[in-house]
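A closer look at the structure
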Amino acid sequence: MGLSFFSKNLPIQEGQPWALTTPADIISTVEFNHTGELLATGDKGGRVVIFQREPESKNAPHSQGEYDVYSTFQSHEPEFDYLKSLEIEEKINKIKWLPQQNAAHSLLSTNDKTIKLWKITERDKRPEGYNLKDEEGKLKDLSTVTSLQVPVLKPMDLMVEVSPRRIFANGHTYHINSISVNSDCETYMSADDLRINLWHLAITDRSFNIVDIKPANMEDLTEVITASEFHPHHCNLFVYSSSKGSLRLCDMRAAALCDKHSKLFEEPEDPSNRSFFSEIISSVSDVKFSHSGRYMLTRDYLTVKVWDLNMEARPIETYQVHDYLRSKLCSLYENDCIFDKFECAWNGSDSVIMTGAYNNFFRMFDRNTKRDVTLEASRESSKPRAVLKPRRVCVGGKRRRDDISVDSLDFTKKILHTAWHPAENIIAIAATNNLYIFQDKVNSDMH
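Residues numbered from 1 in each chain as written. Predicted model: local features only at pLDDT ≥ 70, side-chain atom pairs only at ≥ 80, totals over all residues. Heavy atoms only, no water.

What follows deals with the overall build of the chain. When you go through the chain residue by residue, the secondary structure sums to 3 helices and 32 strands. A compact globule built from 447 residues would reach a C-alpha radius of gyration of about 22 Å, and the chain, at 24 Å, matches this within 12%. Evaluated residue by residue, the chain yields a buried proportion of 49% over its 447 residues. At a minimum sequence separation of 6, the contacts of the chain that also span at least 24 residues come to 54%. If you sum the accessible surface of the chain, you get close to 22,500 Å²; carbon and sulfur atoms cover 50% of it. A distance of 3 Å separates the average location of the 55 positive side-chain charges in the chain from that of its 64 negative side-chain charges. (Helix = DSSP H or I, 4+ residues; strand = E, 2+ residues; numbered from the N terminus. Rg over C-alpha atoms; globule rule 2.2 N^0.38 Å. Buried < 20%, exposed > 50% of the residue type's maximum accessible area, 1.4 Å probe, protein only. Contact = heavy atoms within 4.5 Å. Areas by Shrake-Rupley, 256 points an atom, 1.4 Å probe, with all protein chains shown as cover. Lys, Arg positive; Asp, Glu negative; His and termini not counted. Charge placed at Lys NZ, Arg CZ, Asp CG, Glu CD.)

Structure (structure tokens):
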């Protein structure tokens, strides 16, 4: 592969105050900011945990890359829709960072219905020497004020403050599955099963509906929107994927309502592979533009595919993630695993792609060499500077010593959420309620 990952650190560990132990602590999204210095995770309990990368010190030259907890806050609370008698859970579906404009950081977080804009600021000084207030902040008796002094700023322990700046509510009837910030840094879009809305970051009480696939009669519904994303460079272009395995590229310059797509990316189905499960496993669970903006990466149940924006007929690359499960689809349907939504990620140079699998395995595919590797996120591999050993799943016949049988895979241990540092070979892996961070061994040895 050219990449040899080792465990840089495990930020969430037993015995720490932020240790994850309950179902509410299951990580539901992972996202690096645009520099990679901050990493945010959201969980089913509605909390957001932000990790910050520590600077390299002379005393510990290998410490760069260590991510420590920077801030933790409650983003969403459980709600109840009394009109529809529906409980709205607090689970964080997506987090998206906004490009940094000043010293503060900003991010969007969303649950099924409500999107919130958060501002993260630092304070390491406090004013002292007020004329009309005492040290506790209480107003002084004016008769005791005999002289005036100039307040001064005194150093204090660093305090990270997180405050809600905007709340974007009432924009969706169905569950929000995606949010994406536009390259114009002024607007973002949110998508649910049937509609995509365009929001301005400064306006909370209205949004513009740009895609609506809801049929007049819901019995005619044949597909739903599964994911959407803005183009990284062209603010007028966005893509959305469907449960039928197709991608639609839309241009907002063409019409206010983008129901008519500019391009339809769809792979013709091979009749020889047709089965009862064909439509379920062809549903696209994630779509990501490459950093260059030339390609799109999609994930369905068994494969990851790379599409060229200039070629709609078929993907230019298809990689099998866990083809050994093709014979297990019946049992995976019965235990609902077949409906799991795996995400995918590009590395910073768009040359390697990553996605998750079962048994806490995750897969990497090198687009240049066409080599691939299966790695495991586990307690054993998370020991400091432990090199990750490639794993192999054995379907039948002779088994090597370290091989694992397909019948021994644990389908309750699944890696659905992954993120890749925008510039370096540092990856974040969410394995149920544990967060693992691994770094490329080759690059780290240069530090």
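There's plenty left to go through after this.
Taken in spatial order, the 4 strands make up an open sheet running β24-β25-β26-β27, and their pairing is antiparallel. Each edge of the sheet is formed by a strand with only one pairing partner; in this case those strands are β24 (344-346) and β27 (372-376). Pairs of neighbouring strands in the sheet enclose a mean axial angle of 20°, with direction left out of account. In terms of strand pairing, β24 meets strand β25 (residues 352-356) through 3 bridges, oriented antiparallel. From the neighbouring strand, Trp346 faces β25, where its bridge partner is Ile353. (Pairing = 2+ DSSP bridges. Axes fitted to C-alpha atoms, helices over the stretch in contact; angles between N-to-C directions.)

It is worth spelling out the sheet that holds strand β19 (residues 263-265) at this point. Taking strand neighbours across the sheet as the criterion, the 4 strands line up as β16-β17-β18-β19 in an open arrangement whose pairing is antiparallel. Edge strands, defined here as strands with exactly one partner in the open sheet, are β16 (225-230) and β19. Ignoring strand direction, the axes of neighbouring strands in this sheet form an average angle of 20°. When β16 meets strand β17 (residues 237-242), the two strands line up antiparallel, connected through 5 bridges. When the sheet's bridge partners are listed, Glu229 is paired in β17 with Val239.

Let us look at the packing of aromatic side chains. Each aromatic ring pair is summarised here by two numbers: the centre-to-centre distance and the angle between the ring planes. What the rule picks out here adds up to 19 aromatic pairs. Ring centres of Phe32 and Tyr67 lie 6.0 Å apart, and the angle between their planes is 65°; this geometry places the pair in the edge-to-face category. Here Phe32, found in strand β2 (residues 27-32), pairs with Tyr67, found in strand β5 (residues 67-74); they are 35 residues apart in sequence, far enough to count as distant. Feature note: the residues Phe276, Phe277, Tyr333 and Phe339 constitute an aromatic cluster, connected by ring pairs. Above the ring of Tyr295, the side-chain terminus of Arg367 is found at 4.7 Å from the ring centroid. (Phe/Tyr/Trp six-rings, centres within 6.5 Å; stacked < 30°, edge-to-face > 60°. Lys NZ or Arg CZ within 6 Å of the ring centre and 35° of its normal.)

Quick look at the side chain of Asn93 now. Positionally, Asn93 belongs in the loop between β7 (86-88) and β8 (94-97). Relative accessible area serves as the criterion here: at 11%, Asn93 is assigned to the buried category. In this view, Asn93 contacts Ser28, Thr29, Thr110, Asn111, Asp112 and Ile176; residues no more than four positions away in its chain are not counted.

Below, the discussion takes up unusual backbone geometry. Although it is not a glycine, Asp336 sits at a positive phi angle of roughly 70°. For Asp336, the location among the structural elements is in the loop between α2 (329-334) and β24. At Thr432, a position not held by glycine, the phi torsion is positive, near 55°. When you line up the elements, Thr432 lands in the loop between β31 (426-431) and β32 (434-440). Residue Thr432 is classed as partly exposed on the basis of its relative accessible area of 28%.

The next point concerns the environment of Val152. Among the structural elements, Val152 can be located in strand β11 (residues 152-168). Judged by its relative accessible area of 41%, Val152 falls in the partly exposed class. Sequence separation between Val152 and Ala431 is 279 residues; the distance between their C-alpha atoms is 48 Å. In contact with Val152, other than residues within four places in its own chain, are Arg126, Pro127 and Glu128.

In terms of nonpolar packing, the biggest core is built from 30 residues, with Tyr301, Val304, Leu325, Leu332, Ile353 and Leu409 touching the most fellow members. Contact partners of Val304, with chain neighbours within four places excluded, come to Leu297, Thr298, Arg299, Glu317, Thr318, Tyr319, Val321, Cys344, Ile353, Thr355 and Phe365. Core analysis: the second largest hydrophobic core is formed by 16 residues, Met354, Ala377, Ile415 and Trp420 among them. (Core = buried A, V, L, I, M, F, W, Y, C linked by side-chain atoms within 4.5 Å.)

A full pass over the atoms with the stated rule returns 21 salt bridges. Of the charged contacts, one joins Lys414 and Asp340 as a salt bridge, the two residues approaching to 3.0 Å between their closest N and O atoms. A residue pair is termed long-range when its members are at least 10 positions apart, and Lys414 in the loop between β29 (404-405) and β30 (417-420) and Asp340 in the loop between α2 and β24 qualify at 74 residues. Here Lys414 matches Asp340 in class, with each residue buried. (Salt bridge = Lys/Arg side-chain N within 4 Å of Asp/Glu carboxyl O.)

Moving on: the environment of Cys330. Residue position: Cys330 is located in helix α2. Measuring from C-alpha to C-alpha, the distance between Cys330 and Phe277 comes to 8.3 Å, with 53 residues separating the pair along the chain.

Quick look at the side chain of Glu317 now. By the element assignment, Glu317 lies in strand β23 (residues 317-320). For Glu317, a relative accessible area of 12% corresponds to the buried category. Of the polar contacts made by the side chain of Glu317, one reaches the side chain of Tyr319; its length is 2.6 Å. Separated by 2.9 Å, the side chains of Glu317 and Arg367 make a polar contact. Setting aside chain neighbours within four positions, we find Glu317 in contact with Val304, Lys305, Val306, Arg367 and Lys370. (Polar contact = N/O pair within 3.5 Å; in protein donor to acceptor, adjacent residues only side chain to side chain.)

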